[in-house]
Each structure stands twice: as structure tokens, then as C-alpha cells.
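Coordinates in review
One-letter residues, chain by chain:
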Amino acid sequence: MPPETATAPWTPAVQRALDDHKARPGALLPILHEIQQRVGHVPPEAVPVIAEALNLSRAEVHGVVTFYHDFRDHPAGRHVLKVCLAESCQAVGCDHLLAHAKQRLGVELHGTSADGAVTLEPVYCLGNCALSPALMVDGDVVGRATPEKLDGLLAELRRPA
Ligand code: FES
């Protein structure tokens, strides 16, 4: 491990994920999930470390990190708001809801509001189609979402601790 990565705050979590899964076939996904869970994101500087440990190219590891929506390469805000953009939610106006969320937060998808409170992410079906349009706030599903309901949620999420 190069000296600059050997002392990074995320190094122990990455090393532990590698130790836990490296010997398994298909180790990359479980390693990335564990790092995401422990660090909150997959640091770009960890990509070469993971690639070397698994005998993969950096491009292969980077490709997987960027392909899956579950992984992020930078820290999220204190809360994560996901707007469902799949078919059933599309049919009842999730685009309008997404535009409202972007406008209220002042961000595009994958962005974090300037106060660091909320990261906006897309999601593709929350299994809550009967109650479309659907949102997820920190892992909790919210059905029959409206701009007004969203405003109430955002006010709570952005309230100072
Ligand atoms: S399509 Fe949005 S919850 Fe299923």
C-alpha cells in the first residue's frame, strides 16, 4: 500500500473488507459494499488498492463503482433522499416530484445540498408501486408522495441538530 493511502482515515476499513472477502470468488462486490457501509462511500484513492489486492485493473474496479447506484465515490449528506423513477412512479408524475426536490435542495441527482443535510439520489422501484409516487428517506419508504409532503420531510431533515 503506498504511504499516502496507508495513513488515510479509510485505510483500516478497506483493509478489513479486503481481509474479509478477498479469498472469495466474486469478491469485488462484497468488498465494495462493506467499504460503502463502513466509510459511507468508496474513496477514489482506494480503487488502486482494491484493484491490486484482487489482481484487477483500476478501470475494472472504477467501472463497477460507477455502474451501481448503491456506491458513491464521495461522502453523502447527513440524510439520503431517493426519488423513485421507475415505471409506476413515472406514470403518476415522479418527474415533477424530482424537479421539485432538485429545486428545493439546489442540486442535481447525486448532489448534496449546500448545508450538507440531504443527498438526492434516484432509485428504480422501491416495491411500493401501489402507493406511487414513492420516496425513500434514510431507508424508510414514503408512499403517495406530493411536493407538499416532500417539503415537510425536507424541513425536518434540514432542521439543525
Ligand atoms: S415504480 Fe416506484 S415504487 Fe415501484
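Sequence positions are assigned chain by chain, starting from 1 and proceeding in written order. Thresholds applied to this predicted model are a pLDDT of at least 70 for local features of residues and 80 or more for the giving and counting of side-chain atom pairs; totals over whole chains, interfaces and linings are not thresholded and use all residues. Note: side-chain values were computed over all heavy atoms of the structure, leaving out hydrogens and water.

A short note on the domain arrangement of the protein
Going by this rule: The domain boundaries here were taken from an automatic or database domain assignment.
Looking at the protein, the domain boundaries give domain 1 (3-67) and domain 2 (79-157). One C-alpha centre belongs to domain 1, the other to domain 2, and the line joining them spans 29 Å.

Description of the sheet that holds strand E2 (residues 118-123)
What counts here: A pair of strands is treated as paired once DSSP finds two or more bridges between them. Only DSSP runs of H or I reaching four residues or more are called helices, and only runs of E reaching two or more are called strands; each is numbered from the N terminus. What counts as an axis is a line fitted to C-alpha atoms, over the stretch in contact for a helix, and the angles between N-to-C directions run from 0 to 180 degrees.
With respect to topology, four strands assemble into an open sheet ordered E2-E1-E3-E4, the strand pairing being mixed. Of all the strands in the sheet, just E2 and strand E4 (140-142) have a single pairing partner and so form its edges. Going from strand to strand, the sheet's axes swing by 25° on average, the running direction of each strand aside. Of the strand pairs in this sheet, strand E3 (residues 135-137) and E4 are connected by three bridges, and their pairing is antiparallel. By the bridge assignment, Val 137 is partnered in E4 with Asp 140.

Quick word on the packing of aromatic side chains
Keep this limit in mind: Each Phe, Tyr or Trp ring, with Trp reduced to its six-membered ring, pairs with another whose centre is within 6.5 Å; inter-plane angles below 30 degrees give stacked pairs, above 60 give edge-to-face pairs, and intermediate values give tilted ones. Relative accessibility under 20% of the residue-type maximum defines a buried residue, over 50% an exposed one, and the middle range a partly exposed one, all with a 1.4 Å probe and only protein chains included.
Considering all chains together, one arrives at two aromatic pairs under this definition. A centroid spacing of 5.1 Å and a plane angle of 85° characterise the contact between Phe 67 and Tyr 68, whose relative ring orientation is edge-to-face. You can call Phe 67 exposed: its relative accessible area is 60%. Assessed through its relative accessible area of 36%, Tyr 68 is described here as partly exposed. Relative to Phe 71, the ring of Tyr 68 has its centre 6.1 Å away and its plane inclined at 75°; by these criteria the two rings are edge-to-face. Residue classification places Phe 71 among the buried positions, given a relative accessible area of 6%. Each member of the aromatic cluster is reached from another via a ring pair, and the members are Phe 67, Tyr 68 and Phe 71.

Comments concerning the environment of Asp 73
Condition: Contacts are assigned to residue pairs that have any heavy atoms within 4.5 Å of one another. Whenever a nitrogen or oxygen atom comes within 3.5 Å of another N or O atom, the pair is scored as a polar contact, on the condition that within protein one atom can donate a hydrogen and the other can accept it, and that pairs from neighbouring residues in sequence are kept only if both atoms are in side chains.
Within the secondary structure layout, Asp 73 lies in the loop between helix H5 (58-67) and strand E1 (79-84). Judged by its relative accessible area of 36%, Asp 73 is partly exposed. Along the chain, Asp 73 and Arg 16 lie 57 residues apart, while their C-alpha atoms are 19 Å from each other. If near-sequence neighbours (up to four positions away) are discounted, Asp 73 is found in contact with His 41, Val 42 and Pro 44. Only 2.7 Å separates the side chain of Asp 73 from the side chain of His 74, close enough to count as a polar contact.

Points about helix H3 (residues 28-39)
Note the threshold: In a helix, the anticipated span is given by 1.5 Å times the number of residues less one.
In this model H3 runs 16 Å from its N-terminal to its C-terminal C-alpha over twelve residues, within 8% of the 16 Å that 1.5 Å per residue would give. For H3, the full list of buried residues reads Leu 28, Pro 30, Ile 31, Leu 32, Glu 34, Ile 35 and Gln 36. Considering only its buried residues, H3 is in contact with helix H2 (11-21), helix H4 (47-54) and H5. Once H3 finishes, Gly 40 follows within two positions and takes phi at roughly 95°, a positive value.

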